[in-house]
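This is what each chain is made of:
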Amino acid sequence: MDIPDRLITLQRNADAEYAKLAGLLGEEREAQWKRWYEAAVEIQAAVTAHAQETGTPRNQIEAAVKKVVRHPRPEDG
């Protein structure tokens, strides 16, 4: 499946924001959680739009994007 670079970038951003939650408490955690949530909403909307544009099931696109980002092959970087 051909995955647009934009989706990969958005997923990487959301994952990076989520990772920043580790060890945070209180107001810091709440502020970081909001940043992660906004990034997660953005990738989800982009995946949905791409699914509609291509006629590909949304869950297949989401799984493919996460696989590329979280389990890259050496040639994927």
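See the structure above.
This text gives an overview of the structure that appears in the document. This structure is a prediction, so every number in the text was calculated from the model and none was measured.

1. Let's talk about the packing of helix α1 (residues 5-19) against helix α3 (residues 58-70)
Here is step 1 of the chain: Viewed as axis vectors pointing N to C, α1 and α3 meet at an angle of 65 degrees, and their least axial separation amounts to 9 Å. Viewed along their axes, α1 and α3 adopt a mutual orientation that is roughly perpendicular. For α1 against α3, the interelement crossing comes out right-handed. Seen from α1, the contacting residues are Leu7, Ile8, Gln11, Arg12 and Asp15; seen from α3, they are Ile61, Val65, Lys66, Val68, Val69 and Arg70.
Here is step 2 of the chain: Residues of the contact of α1 with α3, tallied by class, amount to six nonpolar, one polar and four charged.

2. Overview of the pattern of salt bridges
Here is step 1 of the chain: For the structure shown, the criterion picks out five salt bridges.
Here is step 2 of the chain: Linking Arg70 and Asp15 is a salt bridge whose minimum nitrogen-to-oxygen distance equals 2.9 Å. Residue Arg70 is located in helix α3, and its partner Asp15 is located in helix α1; the two are separated by 55 residues in the primary sequence.
Here is step 3 of the chain: Taking relative accessible area as the criterion, Arg70 reaches 43% and is therefore assigned partly exposed.
Here is step 4 of the chain: Given the relative accessible area of 23%, Asp15 is considered partly exposed.
Here is step 5 of the chain: Here Lys66 and Glu62 are joined by a salt bridge, their closest N and O atoms 3.0 Å apart. Remark: Glu62 and Lys66 occur in helix α3; sequence separation between them is four residues, near one turn of the helix.
Here is step 6 of the chain: According to the relative accessible area criterion, Lys66 is partly exposed, its value standing at 24%.
Here is step 7 of the chain: One connected set of salt bridges, linked through shared partners, spans Arg58, Glu62 and Lys66.

Thresholds applied
Residues numbered from 1 in each chain as written. Predicted model: local features only at pLDDT ≥ 70, side-chain atom pairs only at ≥ 80, totals over all residues. Heavy atoms only, no water. Axes fitted to C-alpha atoms, helices over the stretch in contact; angles between N-to-C directions. Helix = DSSP H or I, 4+ residues; strand = E, 2+ residues; numbered from the N terminus. Parallel < 35°, antiparallel > 145°, perpendicular 65-115°, else oblique. Left-handed = near helix turned anticlockwise from the far one by under 90°. Contact = heavy atoms within 4.5 Å. Nonpolar A, V, L, I, M, F, W, Y, C, P; charged D, E, K, R; others polar. Salt bridge = Lys/Arg side-chain N within 4 Å of Asp/Glu carboxyl O. Buried < 20%, exposed > 50% of the residue type's maximum accessible area, 1.4 Å probe, protein only.

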